[in-house]
Amino acid sequence: MAPEQRSAAVRKAIRSELAVDAHDEAHAADAREGEGKPIVELQHVSLAFDVPVLDDVSFVAHEGDTVAIVGESGTGKSTILKLILRLLVPDKGRVLVDGEDITPLSFEEALTVRQRMGMVFQGAALFDSMTVFENVAYPVREHTDLGEEEIEQRVREKLEFVDLDPDRVMEQFPAELSGGMRKRVGVARGMANNPQIMLYDEPTSGLDPLTTATITRLIMKLQRELGVTSIVVSHDIRSVFRMASHVALLNEHHITFFGTPEEMTASDDPYLQDFLGGF
């Protein structure tokens, strides 16, 4: 098959993926129509560790957006999450959270901003020595003054939101759970303090297709029902296209594309065609 025919076939296949669940796609379209206020914004951000990692990177995630950051390995996708969490500070540019430049904040001030965010790590990163209940309750105990009854109620609420039965899983340890269940517990822990922003680092990595679909729908559910603004780093382009309101493509330290999934598949840019052709 000629390269042009192959690219056309790939884009046709991805368009078919986008049309699989018309109901969910309608919700995503509604979210794209009415942009809210900017919640996360990178303005001309550059960062280097001996060699450049990010160079003049800018994008904005509005209230209720799900922005997916994609690109080849080693392009700085996870670095962007660390900048938003204020675990790293850019060499140039600004990182704004809810309109506030977090770059010059002190350590204590950064902690306060970070409490408005939930983080879901690759592999869930649960504490192996803690039960599911203790894992989800941990951030609530760390950052609130809730009593034990209120903490238990909060944990049950979050586990139910991610479609886990609290009575079944609360006393289990992470090693007793499937990979998909561990990931859902990770999401429950990330949202335990009712964050305004959710950050995901490869949320579907290593999962089977059915579990990947479950996690993808869960991220969409957070946006749809709670209005959470999400930033998702992922290599799973099919999952990205189902959940994302906008996609940012990192290439050679720059964002070379930012737009909707539909705009991405319609692009005739040669690098975009090659990138999508790998999926």
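The rules behind the values
- Residues numbered from 1 in each chain as written.
- Predicted model: local features only at pLDDT ≥ 70, side-chain atom pairs only at ≥ 80, totals over all residues.
- Heavy atoms only, no water.
- Core = buried A, V, L, I, M, F, W, Y, C linked by side-chain atoms within 4.5 Å.
- Buried < 20%, exposed > 50% of the residue type's maximum accessible area, 1.4 Å probe, protein only.
- Contact = heavy atoms within 4.5 Å.
- Pairing = 2+ DSSP bridges.
- Helix = DSSP H or I, 4+ residues; strand = E, 2+ residues; numbered from the N terminus.
- Axes fitted to C-alpha atoms, helices over the stretch in contact; angles between N-to-C directions.
- Parallel < 35°, antiparallel > 145°, perpendicular 65-115°, else oblique.
- Nonpolar A, V, L, I, M, F, W, Y, C, P; charged D, E, K, R; others polar.
- Phe/Tyr/Trp six-rings, centres within 6.5 Å; stacked < 30°, edge-to-face > 60°.
- Right-handed = clockwise from strand over helix to strand, strands pointing away.

Caption draft 1: Main features of the nonpolar core. Of all hydrophobic cores here, the largest spans 46 residues; its most connected members are L159, V187 and M264. Residues in contact with L159, not counting those within four places in the same chain, are V132, V136, L164, P166, V169, M170 and A188. Core analysis: the second largest hydrophobic core is formed by 30 residues, A61, L85, L105 and I197 among them.

Caption draft 2: Quick look at the pairing of strand β4 (residues 92-97). Relative to β4, strand β1 (residues 38-49) is paired through 5 bridges, and the arrangement is antiparallel. Bridge assignment links Q43 to a residue of β4, and that residue is R94. By the bridge criterion, 2 bridges tie β4 to strand β5 (residues 100-101) in an arrangement that is antiparallel. From the neighbouring strand, L96 faces β5, where its bridge partner is D101. Linking β4 back to β5 in an antiparallel pair, the connection comprises 2 residues, with D98 at a positive phi of about 55°.

Caption draft 3: Spotlight on unusual backbone geometry. Its identity as a non-glycine residue notwithstanding, H44 has a phi of 50°, on the positive side. Backbone geometry places E252, a non-glycine residue, at a positive phi of 55°. With respect to the helices, strands and loops of the structure, E252 is situated in the loop between β9 (246-251) and β10 (254-259). Look at E252 and you get exposed, because its relative accessible area is 55%.

Caption draft 4: How the structure looks around the sheet that holds β4. Here 4 strands make up an open sheet; going across it, the order is β2-β1-β4-β5 and the pairing antiparallel. Of all strands in the sheet, those bounded by a partner on one side alone are β2 (51-62) and β5.

Caption draft 5: Seen up close, the packing of helix α5 (residues 132-143) against helix α8 (residues 179-190). Across the interface, α5 lies against α8 with an axial gap of 8 Å and an inter-helix angle of 30°. One way to sum up the angle between α5 and α8 is to call them roughly parallel. On α8, the residues touching V132, N135, V136 and P139 of α5 are V185, A188 and R189. Considering only residue class, the contact of α5 with α8 consists of 5 nonpolar, 1 polar and 1 charged.

Caption draft 6: How the structure looks around the packing of aromatic side chains. For the structure shown, the criterion picks out 3 aromatic pairs. Pairing F59 with F258 gives two aromatic rings, centres 6.2 Å apart and planes at 25°, and the pair type is stacked. One end of the pair, F59, is in strand β2; the other, F258, is in strand β10, with 199 residues separating them in the sequence. Overall, F59 belongs to the buried group, its relative accessible area being 5%.

Caption draft 7: Highlighting the pairing of strand β8 (residues 229-233). In terms of burial, β8 is largely enclosed, as 5 of its 5 residues are buried. Strand direction decides the pairing type here: strand β3 (residues 66-71) and β8, joined by 4 bridges, are parallel. Each bridged residue has a counterpart across the sheet, and for A68 the counterpart in β8 is V232. Both strand β7 (residues 197-201) and β8 contribute to a ladder of 5 bridges, which runs parallel. Paired with L199 across the two strands is I231, which belongs to β8. In this region the chain leaves β7, passes through helix α9 (residues 209-226) and returns to the parallel neighbour β8; the handedness of that crossover is right-handed.

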